[in-house]
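Close look at the chain arrangement
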Amino acid sequence: MIMSNTEQTLSIIKPDAVERSLDNEIKEMFKNKGFLIVKEKKIQIEKSEAEKFYKVHETKPFYNDLCAYLSSGPIVVMILERENAVSGNRDLMGATNPNDAEEGTIRKKYGISIDKNSVHGSDSVENAKIEIDFFFKD
Ligand code: CMP
């Protein structure tokens, strides 16, 4: 029996990449790996919204800078769909720190630093649902 595991995940193209007009190139990388962009919007969020979005990191020393950064300029938020979308997106993004990211990954190609690492992706199917609702519940 052929089992299919179509999932959705949330992707954010962060301010450093949008600012450098890399959003279309990054979207092409997703499409080339078989992701369907189900919904997308370019927005700028308030710092208070970034604080809600990254609440899981609220005890981390980098939390304040992270939230200031995500709200510092336009971002592109997308719902991506594919077989095993959550892990597939994490593979395509590469390691959180672009210095550790493998060749062929988005963060290796475009990331500047651990903060300006160009993209965010949900880390589990459960969090993907929460993050998709956060940006696209209407
Ligand atoms: P992201 O996948 O968006 O999730 C949280 C973000 O925090 C992460 O990418 C990094 O850009 C940022 N960050 C900054 N410092 C750290 C750190 N020391 N460890 C993990 N993430 C960090």
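Up top you'll find the structure we're talking about.
Residues numbered from 1 in each chain as written. Predicted model: local features only at pLDDT ≥ 70, side-chain atom pairs only at ≥ 80, totals over all residues. Heavy atoms only, no water.

Ranked by internal contacts, the top residues of the largest apolar core, which has 18 residues, are Ile13, Ile26, Phe30, Met78 and Ile106. If you list the elements that add at least two residues to this core, you get helix 1 (15-19), helix 2 (23-32), strand 3 (75-83), helix 5 (85-93) and helix 6 (106-110). Among the nonpolar cores identified, the runner-up in size contains 16 residues, and Tyr54, Cys67, Val77 and Phe136 belong to it. (Core = buried A, V, L, I, M, F, W, Y, C linked by side-chain atoms within 4.5 Å. Buried < 20%, exposed > 50% of the residue type's maximum accessible area, 1.4 Å probe, protein only. Helix = DSSP H or I, 4+ residues; strand = E, 2+ residues; numbered from the N terminus.)

Here we take up the sheet that holds strand 2 (residues 36-43). Within the open sheet, the four strands sit side by side as 2-3-1-4. Their pairing is antiparallel. Whereas interior strands pair on both sides, the edge strands pair on one side only; in this sheet they are strand 2 and strand 4 (119-121). Strand after strand, the sheet turns through a mean of 20 degrees between neighbouring axes, direction not considered. Across three bridges, strand 1 (residues 6-13) lies against strand 4 in antiparallel orientation. In the sheet register, isoleucine 12 faces strand 4, and the bridge partner there is histidine 120. Docked against the sheet, helix 5 engages strand 1, strand 3 and strand 4, running at close to 35 degrees with respect to strand 1. On top of the sheet, helix 7 (residues 125-136) reaches strand 1, strand 2, strand 3 and strand 4; it is set at about 55 degrees to strand 1, its chief contact. (Pairing = 2+ DSSP bridges. Axes fitted to C-alpha atoms, helices over the stretch in contact; angles between N-to-C directions. Contact = heavy atoms within 4.5 Å.)

Take the site of the ligand next. Neighbouring residues of the ligand: Lys14, Tyr54, His57, Phe62, Leu66, Thr96, Arg107, Ile114, Asp115, Asn117 and His120. One of the side-chain N or O atoms of tyrosine 54 is found 2.6 Å from an oxygen atom in the ligand. The separation between an oxygen atom of the ligand and a polar side-chain atom of arginine 107 is 3.3 Å. Protein coverage of the free-state accessible area of the ligand, which is 450 Å², stands at 77%. When atom positions are compared with the pocket grids, the ligand is found to occupy the largest pocket. Class assignment of the residues belonging to the shell around the ligand gives a composition of four nonpolar, four polar and three charged. (Near = heavy atom within 4 Å. Polar contact = N/O pair within 3.5 Å; in protein donor to acceptor, adjacent residues only side chain to side chain. Areas by Shrake-Rupley, 256 points an atom, 1.4 Å probe, with all protein chains shown as cover. 1 Å grid on protein atoms, 1.4 Å probe; cavity = no way out; pocket = protein on both sides within 12 Å on 5 of 7 lines; lining within 4 Å. Sits in = over half its atoms within 2 Å of the grid points. Nonpolar A, V, L, I, M, F, W, Y, C, P; charged D, E, K, R; others polar.)

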